[in-house]
Amino acid sequence: MKVNMIRFLYCLFSIFIIAPFVYTQNGNFQNPPEIMSIFTSSPPGGNWNSSLTWGGFIPAYFFSDNIQIASNSTVTVTGNLAVNGSGLTTVYGELQDPAGGPKFNYNSSTSSSLDIYNLFSIEGTFIVNNTARVYVHNCGLLKTGSMTFMNNTSLMVDSCATVNITGNLTLTNNLSSIVHGTINVTGDVLVDNNATVIGTGTVTAGGSITINNSGMLFDWSVSNCPDNPTPCIATMSGFGLLPIELIDFNANLEDKKIHLQWTTASETDNNFFTVERSFDAVNFDEISTIDSKAENGNSIYNLEYYFDDLNIPNAEVVYYRLKQ
């Protein structure tokens, strides 16, 4: 759930700045300070390294660039892509590479985001590192070879979206993932070192699924594959995992507060709810606890709950999570 606080977008012009190379005293090359430029592909797209694809300069990925693959554009990559800044990449059209092509290394020192609405296809290795976020929206499709998420990264997959992986999938080091759609893995799946996957979706592996070191994959807490995993499937087992049935959870901006409302259809031995808030959909902080309205924690009737966040943060987007 997110609430748009301020969203003003002016698309009058783009500023492109070429920064000079910077060398240290020992003569080694050093990236210049981060400078953000906006690059939008021109339909029908073309080769990434062609200036005609972007109508000017070619994104270098050295800086905090804002890169958009426009609808009806197909941008083809012929070399490795390494994202080292804190920029945004949005794929409304298609970004793909030839068979057996490059790898995509998403290594961010600060939060960056890859948003996929249509098709993102990289035949090589897909690596996401250091707080970067990947979100497959709507009915988008992410296709890669082996995929690794590590070091406080996040992966979100909408209910209609699909992730197809022809190699292995590794989720580790405090990954946070919400999967309502489908992840298909030809090889093995490893969920390790406090990596957490929640949601109502499905993860299917042609090989094994292994869960170690406080990892969590839906309602699995340990390695749990059949003797002959063909395939090995992890899926949310539906209602009954939590002591409540949640009908809805909504947030609305009203005057100088954010009004949260949720409704339960039933509650069993329920004690309280925890309301949490985040600015990046990864790191959440507790802001309140709300006691259950059910008598002795049990109810078979609809119960409505409300909470007003009066401490409105200075942020464009605010995320709220209901913990139970």
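First, a word on what this report is: a plain description of the structure on this page. On a predicted model such as this, the values are computed, not experimentally measured, just so you know. (Residues numbered from 1 in each chain as written. Predicted model: local features only at pLDDT ≥ 70, side-chain atom pairs only at ≥ 80, totals over all residues. Heavy atoms only, no water.)

## As for the environment of Asn283
Then, number 1: In this fold, Asn283 is placed in the loop between strand E31 (272–278) and strand E32 (284–291).
Then, number 2: Contact partners of Asn283, with chain neighbours within four places excluded, come to Arg277 and Ser278. (Helix = DSSP H or I, 4+ residues; strand = E, 2+ residues; numbered from the N terminus. Contact = heavy atoms within 4.5 Å.)

## Notes on the pattern of salt bridges
If the charged atoms of two oppositely charged side chains come close together, the side chains can form a pair.
Then, number 1: Under the criterion given, the structure shown has four salt bridges.
Then, number 2: Note that Arg133 and Asp115 form a salt bridge whose closest N and O atoms lie 2.7 Å from each other. Here Arg133 is found in strand E15 (residues 133–136), whereas its partner Asp115 is found in strand E12 (residues 113–116), with 18 residues between them in sequence.
Then, number 3: Among the residues examined, Arg133 registers a relative accessible area of 13% and is labelled buried. (Salt bridge = Lys/Arg side-chain N within 4 Å of Asp/Glu carboxyl O. Buried < 20%, exposed > 50% of the residue type's maximum accessible area, 1.4 Å probe, protein only.)

## As for the state of the cysteines
Then, number 1: All chains considered together, the criterion is met by one disulfide.
Then, number 2: Here Cys139 is linked by a disulfide to Cys160, with a sulfur-sulfur distance of 1.8 Å. Torsion about the S-S bond of the Cys139 and Cys160 cystine: about 100°, corresponding to right-handed handedness. Here Cys139, found in the loop between E15 and strand E16 (141–144), pairs with Cys160, found in the loop between strand E18 (154–157) and strand E19 (162–165); they are 21 residues apart in sequence, far enough to count as distant. (Disulfide = S-S within 2.5 Å.)

## Regarding the sheet that holds strand E33 (residues 303–309)
Then, number 1: Sheet architecture is open: three strands sit in the order E29-E30-E33, paired in antiparallel fashion. Looking at the sheet topology across the chains shown, the edges are occupied by strand E29 (244–254) and E33. Along the sheet, successive strands turn relative to each other by an average axial angle of 15°, direction set aside.
Then, number 2: Examined bridge by bridge, E29 and strand E30 (residues 257–267) share 10 bridges and lie antiparallel to one another. In the sheet register, Phe249 faces E30, and the bridge partner there is Trp262. (Pairing = 2+ DSSP bridges. Axes fitted to C-alpha atoms, helices over the stretch in contact; angles between N-to-C directions.)

## What to know about unusual backbone geometry
Then, number 1: Cis geometry is adopted by the peptide bond preceding Pro44, which originates at Pro43 and carries an omega value of 10°.
Then, number 2: Mapped onto the elements, Pro44 comes out in the loop between strand E4 (38–40) and strand E5 (45–47).
Then, number 3: At Asn194, a position not held by glycine, the phi torsion is positive, near 70°.
Then, number 4: The topology assignment puts Asn194 in the loop between strand E23 (189–191) and strand E24 (196–198).

## Some remarks on the packing of aromatic side chains
Then, number 1: Under the criterion given, the structure shown has eight aromatic pairs.
Then, number 2: Taking 5.6 Å as the distance between ring centres and 65° as the angle between the ring planes, the aromatic pair formed by Trp262 and Phe273 counts as edge-to-face. With Trp262 in strand E30 and Phe273 in strand E31, the pair connects residues that are 11 residues apart, well separated along the chain. Here the two residues Trp262 and Phe273 agree in accessibility, since each one is buried.
Then, number 3: Ring centres of Trp262 and Tyr305 lie 5.6 Å apart, and the angle between their planes is 10°; on these two criteria the pair is classed as stacked. Of this pair, Trp262 sits in strand E30 while Tyr305 sits in strand E33; the two residues are 43 residues apart in sequence, bridging distant segments of the chain. (Phe/Tyr/Trp six-rings, centres within 6.5 Å; stacked < 30°, edge-to-face > 60°.)

## Let's talk about the sheet that holds E15
Then, number 1: Strand order in the open sheet formed by nine strands is E4-E6-E9-E12-E15-E18-E21-E24-E27, with parallel pairing between adjacent strands. Looking at strand neighbours, the two that pair on one side only are E4 and strand E27 (216–217), the edges of this open sheet.
Then, number 2: As defined by bridge partners, E4 adjoins strand E6 (residues 66–69) across three bridges and the pair is classed as parallel. Across the sheet, Ile38 pairs through a bridge with Asn66, a residue of E6.

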